[in-house]
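The lines below spell out each chain.
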Amino acid sequence: MSFLIVEKEVRPGVALIRLNRPESLNALNRALVGELTETLLSLDKEDSVRAIVITGNERAFAAGADIKEMANDGVVDMLLLDQFQRWDQIKRLKKPLIAAVSGYALGGGCELAMLCDIIIASETAQFGQPEIKIGVIPGAGGTQRLTRAIGKSRAMEYILTGRFFSAKQAEAWGLVSRVVPVELYLEEALNLAAEIAAMPPIAVQLAKQAVNKAYELSLEEGLHFERRNFYLLFATEDQKEGMRAFMEKRPPQWKGK
């Protein structure tokens, strides 16, 4: 049984992945996360795919982990399972990943959205890390990514209370890129993905790397990484084509080389 609906070429160069466990508000059970990871790794290798959108449905992006699966696990069970290595694989994707979020994005659902490069949210979206209410803490990056996105004080407040926050709050705090009416959130995400997919793919990948490094490196180290990627692009055919097209006042024809 598949827990995903995958559509390719929903826009030129864009693949769409829909989480499909509506009866459980797209709770992230182990089978779904495994299938999602394998699908993303496969799409990351396809030359025809240049950007990927992940969504759920209007009620829920994903309402968290499937608690029934882990309620009786012990420390050794969790260590042997090492479920979070899947999240590390998603983090290493080369292609841009956009989350189109409506309804609940809680716990693992919030962490999955934050693992994406850009979040587009509907006005109904609600975010949160409510793990504290069931005796644990976020384990797939929530304490780290939420803190980096909205600041220590806010992250501490919401993680320690388990309260939810709205799409508008998330936008004001910098967690999401933009908030749109619920009937437009997926269209907005797909259009953005198509705009990115129309850019030179190697430059997009190296730009994504450089932005992500801004969270991990000092300013000096980040600038060094940025410059290295900038110089590397002068070995690509797309750099020559892009600058030539600019001077000739014509649209560039990207080859991804």
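Further up the page is the structure itself.
Residues numbered from 1 in each chain as written. Predicted model: local features only at pLDDT ≥ 70, side-chain atom pairs only at ≥ 80, totals over all residues. Heavy atoms only, no water.

Caption draft 1: Spatial organisation of the packing of helix H10 (residues 201-213) against helix H11 (residues 219-232). One can describe the packing of H10 onto H11 by two numbers: an axis separation of 9 Å at closest approach and a directional angle of 175 degrees. Between H10 and H11, the angle falls in the class roughly antiparallel. Of the residues in H11, those touching H10 at Leu206, Gln209, Ala210 and Lys213 are Phe225, Arg228, Asn229 and Leu232. Residues that form the contact of H10 with H11 fall into these classes: four nonpolar, two polar and two charged. (Axes fitted to C-alpha atoms, helices over the stretch in contact; angles between N-to-C directions. Helix = DSSP H or I, 4+ residues; strand = E, 2+ residues; numbered from the N terminus. Parallel < 35°, antiparallel > 145°, perpendicular 65-115°, else oblique. Contact = heavy atoms within 4.5 Å. Nonpolar A, V, L, I, M, F, W, Y, C, P; charged D, E, K, R; others polar.)

Caption draft 2: Expanded view of the pairing of strand S3 (residues 51-55). Of all five residues in S3, five are buried; the element is thus mostly enclosed. Side chains Ala51, Val53 and Thr55 project from S3 onto one buried face, and the interleaved Ile52 and Ile54 project onto a second face that is buried too. Alignment of strand S2 (residues 14-19) against S3, held across five bridges, turns out to be parallel. Its bridge partner lying in S3, isoleucine 17 is registered against isoleucine 54. Pairing between S3 and strand S5 (residues 97-101): four bridges, direction parallel. (Buried < 20%, exposed > 50% of the residue type's maximum accessible area, 1.4 Å probe, protein only. Pairing = 2+ DSSP bridges.)

Caption draft 3: Structural context of the pairing of strand S1 (residues 4-11). Here S1 pairs with S2 via six bridges, running antiparallel. Note on S2: the bridge partner recorded for leucine 4 is leucine 19. From the end of S1 to the start of S2, which pair antiparallel, there are two residues, and glycine 13 there has a positive phi angle of about 80 degrees.

Caption draft 4: View of the environment of proline 96. Take proline 96: it is sitting in the loop between helix H4 (85-91) and S5. On the basis of relative accessible area, proline 96 is assigned to the buried category, the value being 8%. Through-space distance from the C-alpha of proline 96 to that of proline 201 is 9.7 Å; in sequence the pair is 105 residues apart. Filtering out sequence-adjacent residues up to four positions away, proline 96 remains in contact with Arg50, Ala51, Ile52, Asp117, Ile196, Val204 and Lys208.

Caption draft 5: Representation of the sheet that holds strand S6 (residues 104-106) within the structure. Strands sit in the order S4-S6-S8-S9 across an open sheet of four strands; the sheet is mixed. The sheet is open, and its two borders are formed by strand S4 (60-62) and strand S9 (164-166), each paired with just one other strand. Strand-to-strand, the axes of this sheet are offset by a mean angle of 25 degrees, without reference to chain direction. Bridge count for S6 against strand S8 (residues 126-128) is three bridges, and the pairing is parallel. Considered in S8, the bridge of tyrosine 104 is made with glutamine 126. Its contacts with the sheet place helix H5 (residues 108-115) against S4, S6 and S8, and it is angled at close to 90 degrees to S6.

Caption draft 6: Quick look at the pattern of salt bridges. This structure, assessed with the given rule, holds 15 salt bridges. Across the pair arginine 21 and glutamate 23 runs a salt bridge, and its minimum N-O distance is 3.8 Å. The salt bridge involving glutamate 188 is made with arginine 178; its shortest N-O contact spans 2.8 Å. One end of the pair, glutamate 188, is in helix H9 (residues 185-197); the other, arginine 178, is in strand S10 (residues 178-180), and ten residues separate them in sequence. You can call glutamate 188 partly exposed: its relative accessible area is 25%. What emerges from the salt-bridge pattern is a single network uniting Glu241, Arg244, Glu248 and Arg250. (Salt bridge = Lys/Arg side-chain N within 4 Å of Asp/Glu carboxyl O.)

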